[in-house]
There are 4 protein chains.
Amino acid sequence: MTATTSAPTRVALIGAGRMGSFHAESLARRIPDAELAVIADPADGAAQRLAATVGCPRWTGDPAEAIVDPSIDAVVIVAPARTHAALVVAAAQAGKAVFCEKPMALTLDEADRAIVAAKDAGVALQVGFNRRFAADFRAAHQVVTAGGIGTPQLLRSVTRDPGLANPERVPPWTIYRETLIHDFDALLWLNPGARPVDVYAVADALVAPAYKASGLLDTSVVVIRFDNGAIATAEANFSAAYGYDVRGEVFGSAGMVTAGAHAQTSMRHYTASGIRQQTVRGDAALFHDAYTAEMAAFIGAARNDTTPEVTGHDARAALVLALAAIESVKAGRPVPISEVDA
Amino acid sequence: MTATTSAPTRVALIGAGRMGSFHAESLARRIPDAELAVIADPADGAAQRLAATVGCPRWTGDPAEAIVDPSIDAVVIVAPARTHAALVVAAAQAGKAVFCEKPMALTLDEADRAIVAAKDAGVALQVGFNRRFAADFRAAHQVVTAGGIGTPQLLRSVTRDPGLANPERVPPWTIYRETLIHDFDALLWLNPGARPVDVYAVADALVAPAYKASGLLDTSVVVIRFDNGAIATAEANFSAAYGYDVRGEVFGSAGMVTAGAHAQTSMRHYTASGIRQQTVRGDAALFHDAYTAEMAAFIGAARNDTTPEVTGHDARAALVLALAAIESVKAGRPVPISEVDA
Amino acid sequence: MTATTSAPTRVALIGAGRMGSFHAESLARRIPDAELAVIADPADGAAQRLAATVGCPRWTGDPAEAIVDPSIDAVVIVAPARTHAALVVAAAQAGKAVFCEKPMALTLDEADRAIVAAKDAGVALQVGFNRRFAADFRAAHQVVTAGGIGTPQLLRSVTRDPGLANPERVPPWTIYRETLIHDFDALLWLNPGARPVDVYAVADALVAPAYKASGLLDTSVVVIRFDNGAIATAEANFSAAYGYDVRGEVFGSAGMVTAGAHAQTSMRHYTASGIRQQTVRGDAALFHDAYTAEMAAFIGAARNDTTPEVTGHDARAALVLALAAIESVKAGRPVPISEVDA
Amino acid sequence: MTATTSAPTRVALIGAGRMGSFHAESLARRIPDAELAVIADPADGAAQRLAATVGCPRWTGDPAEAIVDPSIDAVVIVAPARTHAALVVAAAQAGKAVFCEKPMALTLDEADRAIVAAKDAGVALQVGFNRRFAADFRAAHQVVTAGGIGTPQLLRSVTRDPGLANPERVPPWTIYRETLIHDFDALLWLNPGARPVDVYAVADALVAPAYKASGLLDTSVVVIRFDNGAIATAEANFSAAYGYDVRGEVFGSAGMVTAGAHAQTSMRHYTASGIRQQTVRGDAALFHDAYTAEMAAFIGAARNDTTPEVTGHDARAALVLALAAIESVKAGRPVPISEVDA
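Residues numbered from 1 in each chain as written. Chains lettered and ligands numbered in written order. Predicted model: local features only at pLDDT ≥ 70, side-chain atom pairs only at ≥ 80, totals over all residues. Heavy atoms only, no water.

### Let's talk about the overall build of chain A
Link 1 in the chain: Along the backbone of chain A there are eleven helices and 15 strands.
Link 2 in the chain: Here the C-alpha radius of gyration of chain A, 20 Å, is about what a compact globule of 342 residues would show, namely 20 Å.
Link 3 in the chain: The C-alpha extent of chain A, read off along each of the three principal axes, is 60 × 50 × 45 Å.
Link 4 in the chain: Relative to its 342 residues, chain A shows a buried fraction of 61%.
Link 5 in the chain: For chain A, the proportion of contacts with a sequence separation of at least 24, taken over those separated by at least 6, is 70%.
Link 6 in the chain: Of the roughly 11,900 Å² of accessible surface on chain A, a fraction of 51% belongs to carbon and sulfur atoms. (Helix = DSSP H or I, 4+ residues; strand = E, 2+ residues; numbered from the N terminus. Rg over C-alpha atoms; globule rule 2.2 N^0.38 Å. Buried < 20%, exposed > 50% of the residue type's maximum accessible area, 1.4 Å probe, protein only. Contact = heavy atoms within 4.5 Å. Areas by Shrake-Rupley, 256 points an atom, 1.4 Å probe, with all protein chains shown as cover.)

### A word on the relation of the copies chain D and chain A
Link 1 in the chain: You can overlay chain D on chain A at an RMSD of 0.0 Å; the transform is a turn of 180° with a shift of 0.0 Å along its axis. Put plainly, the chains are arranged around a two-fold axis. For chain D, the minimum C-alpha distance to the rotation axis belongs to D:Arg333 and amounts to 2.8 Å.
Link 2 in the chain: A share of 100% of interface residues in chain D that are also interface residues in chain A marks the association as one of identical surfaces. (Least-squares fit on C-alpha atoms with pLDDT ≥ 70 in both.)

### So, the interface of chain D and chain A
By a frequent convention, interface size equals the accessible area lost on bringing the separate parts together.
Link 1 in the chain: Each side of the interface is counted separately: chain D has 39 residues, and chain A has 39 residues.
Link 2 in the chain: Between chain D and chain A, the buried area comes to about 2,900 Å², and carbon and sulfur atoms account for 66% of it.
Link 3 in the chain: On the chain D side of the interface with chain A, the three residues burying the most area are D:Leu154, D:Tyr200 and D:Phe251, jointly 18% of the side's total.
Link 4 in the chain: The tally of links between chain D and chain A comes to six salt bridges.
Link 5 in the chain: Linking chain D to chain A there are eight residue pairs in polar contact (both at pLDDT 80 or more).
Link 6 in the chain: Those elements giving two or more residues to the side of chain D that touches chain A turn out to be strand 7 (152-160), strand 8 (196-204), strand 9 (219-226), strand 10 (231-237), strand 11 (245-252) and strand 12 (255-259) of chain D.
Link 7 in the chain: Looking at the side of chain D that touches chain A residue by residue, the classes come out as 18 nonpolar, twelve polar and nine charged. (Buried area = accessible area lost by both parts, 1.4 Å probe. Salt bridge = Lys/Arg side-chain N within 4 Å of Asp/Glu carboxyl O. Polar contact = N/O pair within 3.5 Å; in protein donor to acceptor, adjacent residues only side chain to side chain. Nonpolar A, V, L, I, M, F, W, Y, C, P; charged D, E, K, R; others polar.)

### Quick notes on empty space enclosed by the protein
Residue and element names in this part refer to chain A.
Link 1 in the chain: In this structure the tally under the stated criterion is four cavities of 30 Å³ or more.
Link 2 in the chain: Empty space within the largest cavity amounts to approximately 40 Å³.
Link 3 in the chain: Around the largest cavity, the lining residues are Pro 103, Met 104, Ala 105, Ala 111, Ile 181, Ala 315, Arg 316 and Leu 319.
Link 4 in the chain: Top contributing element to the lining of the largest cavity by residue count: helix 10 (residues 312-331), with three residues. (1 Å grid on protein atoms, 1.4 Å probe; cavity = no way out; pocket = protein on both sides within 12 Å on 5 of 7 lines; lining within 4 Å. Points joined across faces, edges and corners; volume = space filled by probe spheres on them.)

### A few points about the sheet that holds strand 3 (residues 59-60) of chain A
Residue and element names in this part refer to chain A.
Link 1 in the chain: Strand order in the open sheet made by the six strands is 3-2-1-4-5-6, with parallel pairing throughout. A single partner strand is all that each edge strand has here, and the edge strands are strand 3 and strand 6 (125-127).
Link 2 in the chain: Helix-sheet contacts for helix 2 (residues 46-54) involve strand 1 (9-14), strand 2 (34-40) and strand 3, and the interaxial angle to strand 2 is about 155°. (Pairing = 2+ DSSP bridges. Axes fitted to C-alpha atoms, helices over the stretch in contact; angles between N-to-C directions.)

### Digging into the environment of A:Pro162
All names here are of chain A.
Link 1 in the chain: Mapped onto the secondary structure, Pro 162 falls in the loop between strand 7 (152-160) and helix 7 (174-189).
Link 2 in the chain: Sequence separation of Pro 162 and Phe 238 is 76 residues, and the distance between their C-alpha atoms is 6.7 Å.
Link 3 in the chain: Leave out the neighbours within four places in its chain, and Pro 162 touches Phe 238, Ser 239, Ala 240, Gly 243, Tyr 244, Arg 281 and Gly 282.

### Quick word on the pattern of salt bridges
Residue and element names in this part refer to chain B.
Link 1 in the chain: For the structure on display, the rule yields 88 salt bridges over all chains.
Link 2 in the chain: Across the pair Arg 132 and Asp 314 runs a salt bridge, and its minimum N-O distance is 3.5 Å. With Arg 132 in the loop between strand 6 (125-127) and helix 6 (135-145) and Asp 314 in helix 10 (residues 312-331), this residue pair connects regions lying 182 residues apart in the sequence. Each member of the pair, Arg 132 together with Asp 314, is buried.
Link 3 in the chain: A salt bridge links Glu 309 to Arg 138, with the shortest nitrogen-to-oxygen separation between them at 2.9 Å. Of this pair, Glu 309 sits in the loop between helix 9 (288-304) and helix 10 while Arg 138 sits in helix 6, placing them 171 residues apart in sequence.

### Some remarks on the packing of aromatic side chains
The geometry of an aromatic ring pair is captured by the separation of the ring centres together with the interplanar angle, meaning the angle of the planes.
Link 1 in the chain: Within the structure shown, the criterion is met by 30 aromatic pairs over all chains.
Link 2 in the chain: Centre to centre, the rings of B:Phe287 and B:Tyr291 are 6.0 Å apart; their planes meet at 55°, and the pair counts as tilted. Each member of the pair, B:Phe287 together with B:Tyr291, is buried.
Link 3 in the chain: Aromatic rings pair up to connect A:Phe22, A:Tyr244, A:Phe287 and A:Tyr291 into one cluster.
Link 4 in the chain: Across the ring face of A:Phe22, the terminal group of A:Arg30 is positioned such that the distance to the ring centre comes to 4.8 Å. (Phe/Tyr/Trp six-rings, centres within 6.5 Å; stacked < 30°, edge-to-face > 60°. Lys NZ or Arg CZ within 6 Å of the ring centre and 35° of its normal.)

### Re the environment of D:Gly147
Link 1 in the chain: Here D:Gly147 shows up in the loop between helix 6 (135-145) and strand 7.
Link 2 in the chain: D:Gly147 sits 108 residues away from D:Gly255 along the chain, and the two C-alpha atoms are 9.6 Å apart.

### Some details on the side chain of B:Ser266
Link 1 in the chain: Examined against the element boundaries, B:Ser266 turns out to sit in the loop between strand 12 (255-259) and strand 13 (268-271).
Link 2 in the chain: A distance of 2.7 Å separates a polar atom in the side chain of B:Ser266 from a polar atom in the side chain of A:Asp136.
Link 3 in the chain: Reaching out from B:Ser266, the side chain makes a polar contact with the backbone nitrogen of A:Gly260 at a distance of 2.8 Å.
Link 4 in the chain: B:Ser266 has contacts with A:Asp136, A:Thr258, A:Ala259, A:Gly260, A:Ala261 and B:Gln277, leaving out every residue within four places of it along the chain.

### A few points about unusual backbone geometry
Link 1 in the chain: Following B:Lys102, the chain continues into B:Pro103 via a peptide bond in cis, with omega recorded as -10°.
Link 2 in the chain: Notably, B:Asp305 is not glycine yet its phi reads approximately 55°, a positive angle.
Link 3 in the chain: By the element assignment, B:Asp305 lies in the loop between helix 9 and helix 10.
Link 4 in the chain: At C:Trp173, a residue that is not glycine, the phi angle is positive and equals roughly 70°.
Link 5 in the chain: Among the secondary structure elements, C:Trp173 is positioned in the loop between strand 7 (152-160) and helix 7 (174-189).

### Description of the pairing of strand 5 (residues 97-100) of chain D
Residue and element names in this part refer to chain D.
Link 1 in the chain: A two-sided burial pattern is seen for strand 5, the buried positions comprising Ala 97 and Phe 99 on one face and Val 98 and Cys 100 on the other.
Link 2 in the chain: Relative to strand 5, strand 4 (residues 74-77) is paired through four bridges, and the arrangement is parallel. Note on strand 5: the bridge partner recorded for Val 75 is Val 98.
Link 3 in the chain: At this point the chain moves from strand 4, through helix 4 (residues 84-93), to the parallel strand 5, and the crossover so formed is right-handed.
Link 4 in the chain: Pairing of strand 5 with strand 6 (residues 125-127), which is carried by three bridges, proceeds in the parallel orientation. Of the residues in strand 6, the one forming a bridge with Val 98 is Leu 125.
Link 5 in the chain: Between strand 5 and its parallel partner strand 6, the chain crosses via helix 5 (residues 108-121), and the hand of that crossover is right-handed. (Right-handed = clockwise from strand over helix to strand, strands pointing away.)

Shape descriptors only; they carry no functional weight alone.
In structure tokens, the structure reads:
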């Protein structure tokens, strides 16, 4: 509710898909200091349609054109994962602040190039680990950093999506690169200062077994050991019948903190068949406020030239765990971090 | 997320206080089809300050000027309660759709004049009973209207504010006219089709006993009997140490439904002294989404010329219960509805 | 787990109905220091059947015989309410410690006679207000007495039975004398030191309206004002579709405490139709441990000649509220306590 | 509440420690069909002291004497783990029904000998996996076996003890043999019909690091893959600051079921510092009813010559997982079940 005396931050949005549309709404309507200036998406008509919906004055099929536009202050990247790192580099080199959806990169080389590009350009680089902006996870993190649970000993992070829409389109290792990457970041964030030692992962195609042959893994458990002794478990599945299930738990020498809600509202219905509550059905419901808050934080970092709360280094650290998990599944054994990040 | 091809609804906001500021933010930023065109408040500088904050291009100290402005489509009234009804009449007579914060009126005559004015002008008139737009109360209402609890037999509605800031400024009977009026509406809404028969109320000044002599009542319990046999309890207090406490409960022949949340987030902290959750501290936190949704619904009704979900008749019905409760406190006995609304 | 070196307390049980059977099991099996020596019930064969079930060596159709038996140390009265007071007097005069199910008496004269008889005989007299022995209510009471909620301002007590089996057999005013008497005691206990000022009650036959003409009232709300300013609500209904619902709430100047569980176990089942928990279906499930604990406490008081935690005075105080509530329903107005207990 | 016409089952209790004392109380007082006839414990005075406490007429320092006593019908073994299997064999060969606390055996040879002995003697053999008798776990199991969550895909079982009293006395591998053995059984029971494929375990001494050198492991995470594709996680720690934490979770193709309670009672205390609930502090509080129910079930099986709900085969199956977990910790890699149980 602060005054907006200075000009808004002009944003180019790269990607007009589902998450791109959400961020477009936030930028156009929910974040006073931001102005959604242009939407870019190579898909036929996608940028134009989204621009019409949110009242964005310009659109283009060419992300590069939007990135280099000198009237643009910041770039929000919500494109396919394989294009992320190159777009971050291009935006940074154009001197723009950059928000990039997770994963920021698929290889450590890519990640390093993105980090260096942002550093060299002196621009803010924020990555889309939205759980860090969810009120319950944030409160849990505050408890941990305030010493409220002592030294972490056991951690758990869970992600279960409500449904696997098009199994044939899911790239191999998506469960690590795009889903569990959230959990990896959450576990690193909730075990502050600790470094991972090794990773063991098992996975299977239980939701859509027919696609296992083509590389789909839809269910996984990952165990991570840290140098402070803590042992973390991350768990993902692509089809939760009851909705969208994201939880975190940190157990330590002085207590435990948990985060994650299943109930859609506080409404409870009592009948002869018991007590019933409705569940949260999707990420846009569960993380509506977190998605908005992370974008508002990015705009704030862009305007004030401050270090974002989630940086390229965080993206790289989570990627290291994803790469180790992938290697572990391939090798059928625990994989020391040094094997993937020498 | 629908396209906004037509021009936005131009809104005049009357009142730049705390709730006025919230609605100003909603109109300026959270509701795509609305345009906050002018803010009016007689208090020195208040309108101008709020206009600067939310980027509203015009302001005035004269509500009447804003209301008659022919470029204005709708008026949102968030002024002191005693001015509400006259402002509703003026806005309706100027042909504007009207949103009026509760209570819409302090007497039945006022309420009737407001209702008639809106009807004669053919404009939408919506009243600020925000609980009807809170997700949990809404889900509870759906259960009731779907027959999920059978016939209502016992109802309860609770409002406990986190703090009584300036007891010397609280007008007499505020607890009924401005606080319990929410509960009265909720109880009428959650017992659909039933009519109240009589009302018994007791009250005291327990939070700020020093102000009892000057008419302050800060704690009250009200019992309402309905013509379907249901018995309802409404309860209010002006100082809940743990935060903002709003709950509803409907018990019927086939079950029960409850609404109302105390926890601020799903975070739970477990230590040697037990499990701890943080509580919701204020109405702006608890009802952020409901306040926004009621305003969006109003803009929708204004644009589409549909009957709002909460009408002047609803305001009048809740007022009848408030008047009966006040009469009951004065008389020390149950008061038949016919005594206050012949 | 204390040693049982001394002889067990020999108990006569008067009444072999549902609650009598429960207490018989407790005395025979769950309370080491007690010995169930005789069961008396005038109903044909009832005492004998229960004696066989629990392994009690003697039975009789004549309560008086059991009471005067010199080998008996204590009498547990679980007979029809109208016989309670006279049985208490007889047992006290025979020098036995007495446990009497609620209500101990139906009139104040009866109550006074019972109290005086116990006092004159110097025997322990405990009344069956089992909520005082329920772990959650007990924890709530500890919070209140430790000052954890400051000064009580608003209280609530709820009793909803799962079903009304034989409406034709329910004596008039049962809802006050036998059901809400629990709530009256709970409210007095949870507002320590305060005295009731007046009582307002409304009631109806909503569960079994056909029996209203014959005096059945199955739904009631009662409002009690106390001399410390606190306002209490008690609420009862004879047919909760979802099970057995007993709750307490005390709100005060420094916070709130609540007690009462709906879920049968911690099990939660999540499916596409939401989260489901099973509910507690009956009092024997909800209060199993409380019923046992109150009986163990009685045996302890009988053995150690200490004042029981729930005395005849407590029974009388709750009865006063029941009588005032009955008078209020008859008169249709609030009834000062002085009207029923001059 | 059934009649006890036939003679009670005469039980010899082997072991007068903490759990032995609990079972002694159950046998002496809470299970009508049982008679605690003798207590045996080689520790000086232990059997005699417990016998005095629970009113058991006989005691001895020699378990063998109690086992061969022809007047004894059943033997309850609560001795140190290393003695379990031999005691089971001795009791079975003496023709007694046998209840053995977990772990029934420390090696597969021992387990096989115990199973064969019971089979050859035709006696009931029940093992102390008490979670199977806890109401919440039982309800969860019923949901799973009724198909309420579809096919299990992810399971979790957690055990966190409130405190590690004497780390110097904890034998190596206790966390698997005595603690996680419960979780292993729970996971096998909650994934009915599935067979484990391989096991990966990591462990550390985080609670009492000074004892790591002497073999203490107080924190562990175990991952088990099953032949139906399900992946299970078991997790244990010896020092939970907030009390005793036992939880189970089964996620499947059609939903999820969870069991496990943290709150001691339903009491909630709301203050300016939030909502507070007390936690369950120990196993005797959490599993009081489950411990009693498993013993009652054993007595029932002994009397009716039926197969117990938890058999020697179940003990062996859980032991296989413990042995694989131990091997995995030693080898630092996942261990196929075939490696420990060819």
